[in-house]
Amino acid sequence: AFAQLLLARGALDDASRQAAETIVAEAKRAARIVGSLLTFARQTPTERSRTDVNELLGQTVELRRIALGDSGIALEVDLDPRVPVTWADAGQLQQVFLNLIANAEQALGGVDGPHGIRVHSRRQGETIVIGVRDSGRGIASEHLPHIFNPFYTTKPRGVGTGLGLSISDGIVRGHDGSLRVHSELGRGTLFEVLLPIVSPPVTDSV
């Protein structure tokens, strides 16, 4: 806040202004890391309710559609109408979907040629499968066993905290599901969320 006040005065020389801007940028980065740590450490019970996964995916995609379009990223959405309502924490699942879409968006940074993200859902027996695929650079095989570990990241310094996938994996496991990845260098990455179909509890009518 004090650094921002100094910048607002507009009476700084170039070196001082650059130093103040660095303070502001690094303070914001530290705040993001602390926020991620608090989310990672928080042990709150899930608040489950009747959740339409397709509707939740549609809402989540709309939150990023304009930004993706502005970045020149083609977005394809394919939702299976056979996916039923399940018993889940919609807020937590939306965080997972946003994390996966953000990862896909970052994976496309600096990639030449046309590129896009595909979000899909399908029913597979008694499981709901949600996929987020990008046409980015892919993940090297030596990194794949570690990407769900806390603080492990292949992103440049300042881009990620290494907690997004770990938090997402924890949320999905808390729903008795699993999060898996398929990737090949130069051919993109697919993250899949597998959720068991859980019937909402039956309440007695009065």
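Rules of the game
Residues numbered from 1 in each chain as written. Predicted model: local features only at pLDDT ≥ 70, side-chain atom pairs only at ≥ 80, totals over all residues. Heavy atoms only, no water. Axes fitted to C-alpha atoms, helices over the stretch in contact; angles between N-to-C directions. Helix = DSSP H or I, 4+ residues; strand = E, 2+ residues; numbered from the N terminus. Parallel < 35°, antiparallel > 145°, perpendicular 65-115°, else oblique. Left-handed = near helix turned anticlockwise from the far one by under 90°. Contact = heavy atoms within 4.5 Å. Nonpolar A, V, L, I, M, F, W, Y, C, P; charged D, E, K, R; others polar. Expected span 1.5 Å × (residues − 1). Buried < 20%, exposed > 50% of the residue type's maximum accessible area, 1.4 Å probe, protein only. Polar contact = N/O pair within 3.5 Å; in protein donor to acceptor, adjacent residues only side chain to side chain. 1 Å grid on protein atoms, 1.4 Å probe; cavity = no way out; pocket = protein on both sides within 12 Å on 5 of 7 lines; lining within 4 Å. Points joined across faces, edges and corners; volume = space filled by probe spheres on them.

> Would you explain the packing of helix H3 (residues 53-70) against helix H4 (residues 90-107) in this entry?
In helix packing, the relevant descriptors are the interaxial angle and the interaxial distance, both defined with respect to the helix axes. It is at 10 Å that the axes of H3 and H4 come closest, and there the two elements cross at 40°. Considering their axes alone, H3 and H4 lie oblique with respect to each other. The way H3 lies across H4 gives a crossing that is right-handed. Counting all contacts with H3, which are made through Val53, Leu56, Leu57, Gln59, Thr60, Val61, Leu63, Arg64 and Leu68, the residues of H4 involved are Ala90, Leu93, Gln94, Phe97, Leu98, Ile101 and Glu105. Across the contact of H3 with H4, the residue classes break down as 11 nonpolar, 3 polar and 2 charged.

> Which parts of the structure should I look at to understand H4?
One turn of the α-helix equals 3.6 residues, which is why residues spaced by three or four share an orientation. Here H4 contains 18 residues, and its C-alpha end-to-end distance of 26 Å stays within 8% of the 26 Å for a straight helix at 1.5 Å per residue. Residues of H4 that are buried: Gln92, Leu93, Val96, Phe97, Leu100, Ile101, Asn103, Ala104, Glu105 and Ala107. Looking at where H4 begins, the residue whose side-chain oxygen comes 3.1 Å from the main-chain nitrogen of Gly91 is Asp89.

> Looking at this model, I keep getting lost on empty space enclosed by the protein. Mind explaining?
Over the atoms a probe the size of a water molecule is rolled, and this reveals where empty space is left. Inspection of every chain in the model, using the stated rule, returns 1 cavity of 30 Å³ or more. Considered as a void within the structure, the largest cavity measures approximately 40 Å³ in volume. Looking at the lining of the largest cavity, the elements with two or more residues in it are strand E3 (86-88) and strand E7 (188-196). By residue class, the composition of the lining of the largest cavity is 5 nonpolar, 2 polar and 1 charged.

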